[in-house]
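# Fold and geometry: a report
Letter by letter, the chains look like this.
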Amino acid sequence: MSSEKKETKQVYKTKRVKVLGTILALLMILDWFAPRHHAHFFWDSIPGFSAVFGFIACTILVFFSKGIGHAFLMKREDYYDD
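Quick notes on the rules
Residues numbered from 1 in each chain as written. Predicted model: local features only at pLDDT ≥ 70, side-chain atom pairs only at ≥ 80, totals over all residues. Heavy atoms only, no water. Helix = DSSP H or I, 4+ residues; strand = E, 2+ residues; numbered from the N terminus. Rg over C-alpha atoms; globule rule 2.2 N^0.38 Å. Buried < 20%, exposed > 50% of the residue type's maximum accessible area, 1.4 Å probe, protein only. Areas by Shrake-Rupley, 256 points an atom, 1.4 Å probe, with all protein chains shown as cover. Phe/Tyr/Trp six-rings, centres within 6.5 Å; stacked < 30°, edge-to-face > 60°.

Our next topic: the overall build of the protein chain. What the protein chain contains, in helices and strands, is 2 helices and 0 strands. Compactness check: the protein chain gives a C-alpha radius of gyration of 21 Å against a globular reference of 12 Å for 82 residues, more than 25% above the reference. Seen through its C-alpha atoms, the protein chain measures out along the principal axes to roughly 65 × 40 × 10 Å. Split into buried and exposed, the 82 residues of the protein chain put 2% on the buried side. When the accessible surface of the protein chain is split by element, carbon and sulfur atoms take 69% of a total near 8,000 Å².

Following this line, the structure appears as structure tokens:
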């Protein structure tokens, strides 16, 4: 892949991250104004709880999966050369 294509992909990636981050921030702000009449649990009434909980759970899942992959699935580079 040429360096120009890599730079273009990096620019688009940066723009996507900024746009998605802005959308998420706006949704978090709008969540403060959402009516919460039917909260089943006390955390249902906390603004932004679901977003923060989802982010933390996803982060833990990614790092846990990487740990499992490094511990049990990865092999040495010369594994098939022996």
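This part takes up the packing of aromatic side chains. For any pair of aromatic rings, the description consists of the separation of the ring centres together with the inter-plane angle of the planes. Per the counting criterion, the structure on display carries 5 aromatic pairs. Geometrically, the ring pair formed by F41 and W43 is stacked, given 4.8 Å between the ring centres and 10 degrees between the ring planes. Under the relative-accessibility criterion, F41 is labelled partly exposed at 47%. Seen in terms of ring centroids, F42 and W43 are 5.1 Å apart; in terms of plane orientation they differ by 75 degrees. Their pairing is edge-to-face. A relative accessible area of 62% means that F42 is categorised as exposed. Three or more aromatic residues joined by ring pairs form one cluster here, namely F41, F42, W43, F49 and F53.

That is the geometry; function is a separate question.
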